[in-house]
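# Inside the fold
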Amino acid sequence: MSNNAIDAKMLSKMFLTGAKNLEAKKEWINELNVFPVPDGDTGTNMTMTIMSAAKEVSNLGDAANMEAICKAISSGSLRGARGNSGVILSQLLRGFTKVVKAHDEVDVKILADAFDKAVETAYKAVMKPKEGTILTVAKGAAEKARELSSEGVQDIEKFASEVIKYADEVLSKTPDMLPVLKQAGVVDSGGQGLMQVLKGALDGFLGKEIDLSISEEQVTPGARTKAEAKEEDIKFGYCTEFIVLLNKPLNVKQEIDFKGFLESIGDSIVLVADDEICKVHVHSNDPGLAIQRALMYGQLSNMKIDNMRMEHREKLFHENNDGSWAEIKTEINGAAELTPTYSKDDDIPLGKTVDLAGKKAASAEPRKEIGFVTVCAGSGLAEIFRGLGVDYVIEGGQTMNPSTADILDAVDKVNADTVIVLPNNKNIILAANQAAIMSEDNTDGKKIVVVPSKTVPQGITAIINYVPETPVEEVVASMTESLSTVNTGEVTYAVRDTKIDDVEIKQGDYMGIGDAGILAVGGEIADVTFDMLGKMMNDDLELISIYYGSDVDEKDADELRNRVSEKFPQCDVELQFGGQPIYYYIVSAE
């Protein structure tokens, strides 16, 4: 192959090296988050998105043609897309492959056309594109690509190097386009993620020595091996092990998502599955979450939970962290023989036996006109939504953005003509919208509608405003309109020093973040929450709802509620357990 063309094999190599370079830089990209909160996840979201596609490309082998590779890149990234940055990346890849798939070899002119199509597709996916983001960086790359093609450049190394150089310059200017970036002293994290993909792809073209194998740990970024720890260094206190007697074999996507969930609640993940059983090991502060998730896939056996702070010299689960099937089947003493046997052709939906709500399978119930899927993190919040009539709760939120495929899978479990999705997070709305678009080809006639709730309180208000036996269009309009009546505040802690909205923030400070930015900063959680709420209030508000998180004592929450009631006697003040991680309090005023 000449230096002027890219064939299918080279495209595959370039894509995989781009994906692996992004994976290697994900934590650095996470740290570019504007707000110094402990949930910066741009790098993780982009990595999980592209690794979903990389897994499909890797499985094709060296003999795949251009069309097959492009299909794997497009479909894998679309279904694996997480967070706004991940969705935009998937749309860039989708547009790029639309052009490339029609050719056996790709030259500079075709690359320029593909870059243009990538940018066009991504901009269309965002309702209100904002400059100074990944979109701006992608557009700069496309403009340079078109310029070089028009000048007659044919050497791909020169072309790619110049495109990357110019796109890096555009990235460096993003703080001038978005003042919030300049004040925080960072460039756009999504744009930086895209640059790592481009730079990795060039490394692949140049033949740099890179391991192109895609492991499950890379598909689920951040998975770590277990190491012995001193008691004071133990972050996650419970060592949890169990066997899942699978309802049916896990497909690649289900296995990846199961690992992703475990990674979101702990570390030292080991997950090994065959057609009948799946062995799980995780260190977590809430073993119940791992168990609850595992029940989606089948029955549990050989459950073992150890308190590592009491037994911090716990025996290693597997010295080489991969186990063996002979060992696993010996451990369960023949329990796998009790597992129901299904053929490869059986169509048994995930969650046929048990779903997160502990309800009977949706297929056993009469089909209804409208159903609901919502996203939240925290057992208390999940129960609140279920009590309000939500059919399926996706566990997620900040740091745990569900993918487009997760949303599609949840919708599939709701037996309704129209399923309304409440994302409850601005970083999940694009993935939900993408799920709605992808569902348009469904043969069962099921329709997905997204009510774009940006916070959990908005989602709760929206579902409260649902009036049964009302036309779908009116239901959606009413729920969407109700979102504007809710003011939301969230209290968490700062992970680094920074300055935002002229407010000095030190690492370890508690922060109250409102709909429009930082409202309060201080050294006491209750004081920060109280001050934040004071800035949220106006004379028209009548109801204050306080949801306390997993790290807040109920007594402290009661004291805060009494303090708020004294300050705002004109309002009803409700206190409920949310159980959410990361955010000590979520507060709404309406």
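Residues numbered from 1 in each chain as written. Predicted model: local features only at pLDDT ≥ 70, side-chain atom pairs only at ≥ 80, totals over all residues. Heavy atoms only, no water.

Ordered by their spatial adjacency, 6 strands build an open sheet running 15-14-11-18-16-17, and the pairing between neighbours is mixed. This sheet does not close on itself; its edge strands, each paired only once, are strand 15 (517–522) and strand 17 (572–577). Here the strands of the sheet are splayed against their neighbours by 20° on average, with no regard to which way each runs. Taken together, the 6 bridges between strand 16 (residues 543–548) and strand 17 define a ladder with parallel strand orientation. What sits directly across from tyrosine 547, in strand 17, is glutamine 576. Here helix 16 (residues 379–387) sits on the sheet in contact with strand 16, strand 17 and strand 18 (585–589), set at roughly 115° to strand 17. (Pairing = 2+ DSSP bridges. Helix = DSSP H or I, 4+ residues; strand = E, 2+ residues; numbered from the N terminus. Axes fitted to C-alpha atoms, helices over the stretch in contact; angles between N-to-C directions. Contact = heavy atoms within 4.5 Å.)

By the burial criterion, the buried members of helix 16 are Gly380, Leu381, Ala382, Ile384, Phe385 and Arg386. Just beyond helix 16, the residue with positive phi is glycine 389, at close to 105°. (Buried < 20%, exposed > 50% of the residue type's maximum accessible area, 1.4 Å probe, protein only.)

Time to look at empty space enclosed by the protein. In this structure the tally under the stated criterion is 2 cavities of 30 Å³ or more. The volume enclosed by the largest cavity comes to roughly 560 Å³. Listing elements by their share of the lining of the largest cavity, those giving two or more residues are helix 1 (8–24), helix 5 (83–100), helix 6 (108–125), helix 7 (134–150), helix 8 (156–172) and helix 11 (189–205). Split into classes, the residues belonging to the lining of the largest cavity amount to 25 nonpolar, 2 polar and no charged. (1 Å grid on protein atoms, 1.4 Å probe; cavity = no way out; pocket = protein on both sides within 12 Å on 5 of 7 lines; lining within 4 Å. Points joined across faces, edges and corners; volume = space filled by probe spheres on them. Nonpolar A, V, L, I, M, F, W, Y, C, P; charged D, E, K, R; others polar.)

Next up on the list: the sheet that holds strand 8 (residues 392–395). Across a sheet, strands are paired by hydrogen bonds formed along the backbone, either parallel or antiparallel in direction. Here 4 strands make up an open sheet; going across it, the order is 8-7-9-10 and the pairing parallel. The outermost strands of the open sheet, each flanked by one partner alone, are strand 8 and strand 10 (447–450). Pairwise comparison of adjacent strand axes, ignoring direction, gives a mean angle of 25° for this sheet. Bridging between strand 9 (residues 416–422) and strand 10 involves 4 bridges; their strand directions are parallel.

This next bit is on the pattern of salt bridges. The final tally for this structure, using the stated rule, is 16 salt bridges. A salt bridge links aspartate 113 to lysine 109; the shortest N-O distance between them is 3.4 Å. Of this pair, aspartate 113 and lysine 109 both sit in helix 6, 4 residues apart, which is roughly one turn of that helix. Note on lysine 109: relative accessible area 51%, which makes it exposed. Note that lysine 139 is salt-bridged to glutamate 131, the shortest N-O span being 3.6 Å. Accessibility expressed as a relative area gives 32% for glutamate 131, which makes it partly exposed. Connected through shared salt-bridge partners, Lys109, Asp113, Asp116 and Arg146 make up one network. (Salt bridge = Lys/Arg side-chain N within 4 Å of Asp/Glu carboxyl O.)

Right, let's get into the nonpolar core. Counting 105 residues, the largest nonpolar core has Ile6, Phe15, Ile50, Leu262, Val373 and Ile407 as the members making the most contacts within it. Per-element tally for this core: the top contributor is helix 6, with 10 residues. Dropping the residues within four chain positions of it, isoleucine 50 is found in contact with Phe15, Ala19, Leu22, Leu89, Leu93 and Val197. With 25 residues, the next largest nonpolar core counts Ile370, Phe372, Val393 and Ile420 among its residues. (Core = buried A, V, L, I, M, F, W, Y, C linked by side-chain atoms within 4.5 Å.)

Leaving glycine aside, a negative phi is the common case for residues, and trans is the common case for peptide bonds. Phi at glutamate 469 is positive, roughly 60°, even though this residue is not glycine. Within the fold, glutamate 469 resides in the loop between helix 19 (456–464) and helix 20 (472–482). Take glutamate 469: its relative accessible area is 82%, and that puts it in the exposed class. With a phi close to 70°, isoleucine 582 is a non-glycine residue in the positive phi region. As for its position among the elements, isoleucine 582 is in the loop between strand 17 and strand 18.

So, on to the packing of helix 21 (residues 525–536) against helix 22 (residues 554–567). For the pair helix 21 and helix 22, the least separation of the axes is 11 Å and the interaxial angle reads 30°. Between helix 21 and helix 22, the crossing angle belongs to the class labelled roughly parallel. Where helix 21 crosses over helix 22, the handedness of that crossing is right-handed. Counted together, Ala526, Asp527, Thr529, Phe530 and Leu533 of helix 21 and Leu560, Arg563, Val564 and Lys567 of helix 22 form the full contact between these two elements. Looking at the contact of helix 21 with helix 22 residue by residue, the class counts come to 5 nonpolar, 1 polar and 3 charged. (Parallel < 35°, antiparallel > 145°, perpendicular 65-115°, else oblique. Left-handed = near helix turned anticlockwise from the far one by under 90°.)

Here the focus is helix 1. Residue pairs three or four apart in sequence face the same way in an α-helix, which turns once every 3.6 residues. Counted at 1.5 Å a residue, the expected span for helix 1 with its 17 residues is 24 Å, and the 24 Å between its end C-alpha atoms agrees. Counted residue by residue, helix 1 has 14 buried out of 17 residues, so it is predominantly covered. (Expected span 1.5 Å × (residues − 1).)

Here we take up the confidence of the model for the chain. Low pLDDT marks stretches whose predicted atomic positions should not be read closely. Mean pLDDT over the chain works out to 81, with 82% of the residues at or above the 70 mark. Low confidence marks residues 216–233, where pLDDT is under 50. Its contacts with residues over four positions away, or in another chain, come to 49 contacts. Below a pLDDT of 50 lies the segment residues 311–363, which in the model reaches 88 contacts outside its immediate sequence neighbourhood of four places, other chains included. (pLDDT = per-residue confidence, 0-100.)

So, on to the packing of aromatic side chains. Under the defined criterion, the tally for this structure stands at 7 aromatic pairs. Ring centres of tyrosine 493 and tyrosine 584 lie 6.5 Å apart, and the angle between their planes is 50°; this geometry places the pair in the tilted category. Placement of tyrosine 493 in strand 11 (residues 487–493) and of tyrosine 584 in the loop between strand 17 and strand 18 is noted, with a sequence separation of 91 residues between them. Taken together, the ring pairs connect Phe96, Phe115 and Phe159 into an aromatic cluster. A cation sits over an aromatic face here: arginine 563 above phenylalanine 530, 4.2 Å from the ring centre. (Phe/Tyr/Trp six-rings, centres within 6.5 Å; stacked < 30°, edge-to-face > 60°. Lys NZ or Arg CZ within 6 Å of the ring centre and 35° of its normal.)

Before going further, it helps to examine the packing of helix 1 against helix 11. At their nearest, the axes of helix 1 and helix 11 sit 7 Å apart, and the two run at 135° to each other. Comparing the axis directions of helix 1 and helix 11 gives the class oblique. For the pair helix 1 and helix 11, the sense of crossing is right-handed. Contacts from Met10, Lys13, Met14, Thr17, Gly18, Asn21 and Leu22 of helix 1 reach helix 11 at Gly193, Gln196, Val197, Lys199, Gly200, Ala201, Gly204 and Phe205. Partitioned by chemical class, the residues of the contact of helix 1 with helix 11 number 6 nonpolar, 7 polar and 2 charged.

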